[in-house]
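An overview of the molecular structure
Read off the chains here:
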Amino acid sequence: MEAAIERASVADAEEILLLQKLAYRSEAERYDDDRIEPLVQTLEQLRGQFGDHVVLKAVAAGAIVGSVRASEQGGTCYIGKLMVHPNKQNQGIGSRLMHAIEGLFPASRFELFTGSRSEKNLLLYEKLGYRVFRERRVTADYGLVYLEKN
């Protein structure tokens, strides 16, 4: 069954936060790296983002299996890190969420970041037309990769 892409509401915040924590934990296990820190966002902080961000969710069998959030400023759409449930990888959910976000914003530039250890994500974004334009070291072992699409 294909996941439906829908606009999320504040009522979905708790389930989205659980998905984000699961995705971070899965990434840390996949790379056998306990330095990949779980999301440090609180439920209240996530709920507060619904006021100035568009949050999309992917829903399958009544559960949220993916999410992404974005906002626009000055012609640039800033996209938060894409999250897909570890058991739903390679099902096109990430691509569909990204296309849906791009379709909602008439931006001339799209910008997002991902962890540098997310090689799988980098391949997905490359297929969607994104390219690396900057990298920033956060710690000796972890950095962020910034991607753009014009």
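The name given to the chain in an unreviewed UniProt entry is GNAT family N-acetyltransferase, with Paenibacillus lycopersici as the source organism.

1. As for the overall build of the chain
What the chain contains, in helices and strands, is 4 helices and 8 strands. In the chain, the succession of helices and strands from N to C terminus is β-α-α-β-β-β-β-α-β-α-β-β. Among the 150 residues that make up the chain, the fraction classed as buried is 47%. Taking as baseline every contact in the chain between residues at least 6 positions apart, the subset at least 24 positions apart corresponds to 64%. Split by element, the accessible area of the chain, about 8200 Å² in all, is 49% carbon and sulfur.

2. As for the pattern of salt bridges
If you walk through the whole model with that rule in mind, you get 7 salt bridges. Of the charged contacts in the structure, one is a salt bridge between glutamate 6 and lysine 57, with a shortest N-O distance of 3.8 Å. With glutamate 6 in strand β1 (residues 4-7) and lysine 57 in strand β2 (residues 54-60), this residue pair connects regions lying 51 residues apart in the sequence. Of the residues examined, lysine 57 reaches a relative accessible area of 10% and is grouped as buried.

Criteria and cut-off values
Residues numbered from 1 in each chain as written. Predicted model: local features only at pLDDT ≥ 70, side-chain atom pairs only at ≥ 80, totals over all residues. Heavy atoms only, no water. Helix = DSSP H or I, 4+ residues; strand = E, 2+ residues; numbered from the N terminus. Buried < 20%, exposed > 50% of the residue type's maximum accessible area, 1.4 Å probe, protein only. Contact = heavy atoms within 4.5 Å. Areas by Shrake-Rupley, 256 points an atom, 1.4 Å probe, with all protein chains shown as cover. Salt bridge = Lys/Arg side-chain N within 4 Å of Asp/Glu carboxyl O.

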